[in-house]
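Here is what each chain is made of, one letter per residue.
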Amino acid sequence: MVQYIRFLRTPQSDVGKKTVDVLAVVSVTTDLGDAFFSEDVELVANVVEANSPHGVLYSQPIRWQASSRALKFTVHCPGKYVSRPVRLHVTAKEADSAYQSLEIPKILDVWSCIFPLSNKQRTDPIVERRIALSNKSVVKMWEETGDSIARHIWDAGLGFLVYFAQALSTSPVDGMSMLAALFKSSKVRRLRVLELGAGCGIVGIALAQLVKCDILLTDLEDAQEILARNIRCASPVAGSTVRSEVLDWASSLDDSSNANYDLILVSDCIYNPDSSLHLVETLRQLATRTPETLILVGYKRRHTEDDLFFARMRKANFDTVETLNIPLPHIDTDQDVDVPTAEFFAYRIRLSPENQR
Ligand SMILES: C[S@@+](CC[C@H](N)C(=O)[O-])C[C@H]1O[C@@H](n2cnc3c(N)ncnc32)[C@H](O)[C@@H]1O
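Residues numbered from 1 in each chain as written. Predicted model: local features only at pLDDT ≥ 70, side-chain atom pairs only at ≥ 80, totals over all residues. Heavy atoms only, no water.

J.: For this particular structure, what's the right way to read the environment of Asp 14?
T.: Following the sequence through the fold, Asp 14 ends up in strand β1 (residues 3-15). Considering only alpha carbons, one finds Asp 14 and Gln 121, 107 residues apart in sequence, at a separation of 8.7 Å. If we skip the residues at most four places from it in the chain, Asp 14 touches Thr 19, Val 20, Asp 21, Leu 23, Asn 119 and Lys 120. (Helix = DSSP H or I, 4+ residues; strand = E, 2+ residues; numbered from the N terminus. Contact = heavy atoms within 4.5 Å.)

J.: What is the right way to look at the side chain of Thr 293 in this model?
T.: On the secondary structure map, Thr 293 appears in the loop between α6 (273-289) and β16 (294-299). Overall, the relative accessible area of 1% leaves Thr 293 in the buried class. In contact with Thr 293, other than residues within four places in its own chain, are Tyr 261, Asp 262, Leu 263, Ile 264, Tyr 347 and Arg 348. (Buried < 20%, exposed > 50% of the residue type's maximum accessible area, 1.4 Å probe, protein only.)

J.: So what exactly am I meant to see when it comes to the site of the ligand here?
T.: By nearness alone, 16 residues border the ligand, and Gly 197, Asp 219, Asp 248, Trp 249 and Ser 267 come closest of all. Between a nitrogen atom of the ligand and a main-chain N or O atom of Trp 249, the distance comes to 3.0 Å. If the ligand stood free it would expose 590 Å²; the protein chains cover 92% of that surface. Residue classes in the shell around the ligand are distributed as 9 nonpolar, 3 polar and 4 charged. (Near = heavy atom within 4 Å. Polar contact = N/O pair within 3.5 Å; in protein donor to acceptor, adjacent residues only side chain to side chain. Areas by Shrake-Rupley, 256 points an atom, 1.4 Å probe, with all protein chains shown as cover. Nonpolar A, V, L, I, M, F, W, Y, C, P; charged D, E, K, R; others polar.)

J.: Please explain helix α5 (residues 224-232) as it appears in this structure.
T.: Note: α-helices contain 3.6 residues per turn, so residues at a spacing of three or four share the same orientation. Among all positions of α5, only Gln 224, Ile 226, Leu 227, Asn 230 and Ile 231 are buried. When α5 is viewed along its axis, its buried side chains cluster within an angular range of 165° and face the same direction. Exposed and oriented more than 90 degrees from the buried face of α5 are Glu 225 and Arg 232. Those residues of α5 that are buried are in contact with β10 (126-132), β11 (138-144), α4 (202-210), β13 (213-219) and β14 (241-246). (Arc of directions from axis to C-beta.)

J.: I tried to follow a negative patch on the surface on my own but got confused; where do I start?
T.: Residues Glu 39, Asp 332, Asp 334 and Asp 338 make up a contiguous surface patch of negative charge. When you line up the elements, Asp 334 lands in the loop between β17 (318-327) and β18 (341-349). Judged by relative accessible area, which is 74%, Asp 334 ranks as exposed. (Patch = residues over 30% accessible without salt bridge, like charges linked within 9 Å, V, L, I, M, F, W, Y side chains within 5 Å. Salt bridge = Lys/Arg side-chain N within 4 Å of Asp/Glu carboxyl O. Lys, Arg positive; Asp, Glu negative; His and termini not counted. Charge placed at Lys NZ, Arg CZ, Asp CG, Glu CD.)

J.: Which parts of the structure should I look at to understand the pattern of salt bridges?
T.: Side-chain pairs of opposite charge can arise whenever the charged atoms involved come near each other. Using the criterion set out here, one finds 17 salt bridges in the structure. Here Glu 143 ties to Arg 129 by a salt bridge, and the two come within 2.9 Å at their closest N and O atoms. Linking Glu 143 in strand β11 with Arg 129 in strand β10, this pair joins segments that are 14 residues apart in sequence. For the residue pair Glu 143 and Arg 129, the accessibility class agrees, reading buried in each case. Through salt bridges with shared partners, one network takes in Arg 6, Arg 129 and Glu 143.

The structure is reproduced here in C-alpha cells:
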C-alpha cells in the first residue's frame, strides 16, 4: 500500500523558557486510513521557515513504531526563533529521495499550513502534499486532515501521475497508446479535457502542468473550495488553463458540458453503485455529443461492487479500447506483500441509433 503521513492533530506551539515547542500527532496510514504502517520507520519533523521551503530552522528525528496507530511528538525549537512564521514538515528519508528522483514516494510526506512560533493555537486542519512530476514541476496539493472523501488524495490519483509520466516518455508501454497519441497532438494544439469527480484536483492539475490543455475540473459543491485553492497553487505549462465547476452526475448536463472534449478523466470514482449509475449516464451523454472523446478511467479495486460500473459501461455501448495496470509505490512488509495496482480503462463510445439521442 502507499503510505501517507497524516496529522491526527495539526501542530500547536508553546513558548517555554528556552525553547518554543511544537506539538503534533501523526499517523502513517493508507489512503482510506484503514490500516497503519506495520514496520518501524525513521521520520523527521522539520520546522521550516514559512515561504522558504529549504530554510529548515530545526530538525528532529522521530520514530514510527510497528503496530502503533499514532505518534505523538514535540519538537523543541531554540527560543531564538520565537514569533517566526513556520511550517511543520514531517517526512521520511525515502520521501526526500523520491522527490529528488521525480518519483512518487512510498511514504508521502506532509506539510502543515503556516503558523507563528508563539501562541497556543492549533493550525487549521488542512495540509499540503508536494509531488515532483516527470518534467520537474511540482504539484502542490492541499488536502483536509479529516475524513472527507472529496477533500483528500487517493491512490488512483497517484497511479494517474505514473500513467502520465509513462505516456509522455519516449517509449510508452503497451496499453497507453491512445493517451500517448493525444499527448503528442498537444504539441500542436491544446487538448480540451474534462475531469469528473476531481476531488482535490491532483490528476487534472498534474496534467495541466505536463501538457498543453484547457482543463475543466468538476466535482460536487463540497469539493469546490479545496479545488479552487489547489488551482491557485498550480503551475500549468505555458498555454494551459485550469478551471473548476460544479458538475453533479445526478443532475442533467448544462451547456458548458457541450465543449468537444478530447479527453475525459475519471479517477477513483466508481466505488459507489448508486452514483456510478449516474456517472455512466453522464459519460454516455458527453460521449454521444463527441464520440471521438477518449475516456480514461483509473481506479484501485476495493469492492466487488466496482464491477457494476464496468457492466454498466458495456451496456451503455462503451468499448474498452485499452487497459493497463500500473503498480503503485509500495514497501514490502510481512503484512503487505501484494504490490498494489491502479487499473486503467480507456473507453470510446460505439454509436448506435439508440444512443444517438
Ligand atoms: C474517491 S474520490 C476521488 C477524488 C479524485 N478523483 C482523486 O482521485 O483523488 C471520489 C470523488 O467523486 C466525487 N463524487 C461522488 N459523487 C459525485 C457526483 N454525484 N457528482 C460529482 N462528483 C461526485 C466525490 O465528491 C469525490 O471527489
